[in-house]
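Residue-level structural notes
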Amino acid sequence: MARQRCCGLVEEEPLCRRFRAEGGEETVVLGVDELEAIRLKDAVGLDQEACASQMGLSRPTFQRLLTQARRKVAEALAGGKHMHVEGGVYQMKNRQFECKACGHVWEEPPCTEGGKHGYELPCPQCGSMEKFKLQEGARHACGGHGSHGGGCGCGGH
């Protein structure tokens, strides 16, 4: 029996979750983690090692996830099928911000529906609203580097 794969880290929830094929009746379901793999590799243009690192997966696991995702997208496009983005094995990443006023760097948990999305969050150190969102591995204004979390935090499966 194959063991369950570790959670892939996802930057943001998908903006659009339903794609309708003209005249299509069947539906292909693409996981949120699969969409993130396609986004990082094909839209952002990262190499597989960087994609795997961003998602907290091994390179072979990322390769399998990307292959499966591309197969599903091709099936939907070539077969005239609807595509829904839902489910998957993933965990949302914390968001990291840096204050422009004092240089303080902090993390916020992923925003939830009705939660704070970032623009309305003040710096916890100085209260300034002047901040920017850091991408993982981004250089801080102070010259340091963003933190790189290890593992997926999913309970060790």
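Preceding this paragraph is the structure being described.
Residues numbered from 1 in each chain as written. Predicted model: local features only at pLDDT ≥ 70, side-chain atom pairs only at ≥ 80, totals over all residues. Heavy atoms only, no water.

Our focus in this paragraph is the nonpolar core. Core analysis: the biggest nonpolar cluster contains 19 residues, and Leu 30, Ala 37, Met 55, Phe 62, Leu 65 and Leu 66 have the highest contact counts within it. Among the elements that line this core, the one with the most residues is helix α3 (residues 59–79), at five residues. Among all residues touching Leu 30, those that are not within four sequence positions of it are Leu 35, Ala 69, Lys 72, Val 73, Met 83, His 84, Val 85 and Glu 86. Formed by five residues, the second largest nonpolar core is a distinct cluster that contains Phe 97, Trp 106, Leu 121 and Cys 123. (Core = buried A, V, L, I, M, F, W, Y, C linked by side-chain atoms within 4.5 Å. Buried < 20%, exposed > 50% of the residue type's maximum accessible area, 1.4 Å probe, protein only. Helix = DSSP H or I, 4+ residues; strand = E, 2+ residues; numbered from the N terminus. Contact = heavy atoms within 4.5 Å.)

What follows covers the sheet that holds strand β2 (residues 18–19). For sheets, the rule is that strands pair by backbone hydrogen bonds, running either parallel or antiparallel. Sheet architecture is open: three strands sit in the order β2-β4-β3, paired in mixed fashion. The open sheet terminates on both sides in strands that have one partner only, identified here as β2 and β3 (27–30). Contacting β3 and β4 (82–85), helix α1 (residues 32–44) crosses the sheet at an angle of about 75 degrees to β3. Across the sheet, α3 touches β3 and β4, and the angle it forms with β3 is around 155 degrees. (Pairing = 2+ DSSP bridges. Axes fitted to C-alpha atoms, helices over the stretch in contact; angles between N-to-C directions.)

A few words now on the sheet that holds strand β8 (residues 131–134). Across the sheet, three strands lie side by side as β7-β6-β8; this open sheet has antiparallel pairing. Of all strands in the sheet, those with a lone pairing partner are β7 (105–108) and β8, marking the two edges. Neighbour-to-neighbour, the strand axes of this sheet turn through a mean angle of 35 degrees, independent of strand direction. Bridging between strand β6 (residues 95–99) and β8 involves four bridges; their strand directions are antiparallel. Its bridge partner lying in β8, Glu 98 is registered against Phe 132.

What follows is about the packing of helix α2 (residues 48–55) against α3. Interaxial distance between α2 and α3 falls to 9 Å at its minimum, and their mutual angle equals 95 degrees. Here α2 is positioned roughly perpendicular relative to α3, judged by the angle of their axes. In this structure, α2 uses Gln 48, Glu 49, Cys 51, Ala 52 and Met 55 to contact α3, whose residues at the interface are Arg 59, Phe 62, Gln 63, Leu 65 and Leu 66. Taken together, the residues that form the contact of α2 with α3 break down as six nonpolar, two polar and two charged. (Parallel < 35°, antiparallel > 145°, perpendicular 65-115°, else oblique. Nonpolar A, V, L, I, M, F, W, Y, C, P; charged D, E, K, R; others polar.)

Now for α3. Over its 21 residues, α3 runs 30 Å from end to end, which matches the ideal 30 Å to within 8%, given 1.5 Å per residue. Three or more residues of α3 are buried, namely Thr 61, Phe 62, Leu 65, Leu 66, Ala 69 and Ala 76. Projected down its long axis, α3 carries its buried residues within an arc of 130 degrees, all on one side. With respect to the buried face of α3, the exposed residues turned more than 90 degrees away are Arg 64, Arg 71 and Ala 78. Turning to α3, the residues buried within the fold contact β3, α1, α2 and β4. (Expected span 1.5 Å × (residues − 1). Arc of directions from axis to C-beta.)

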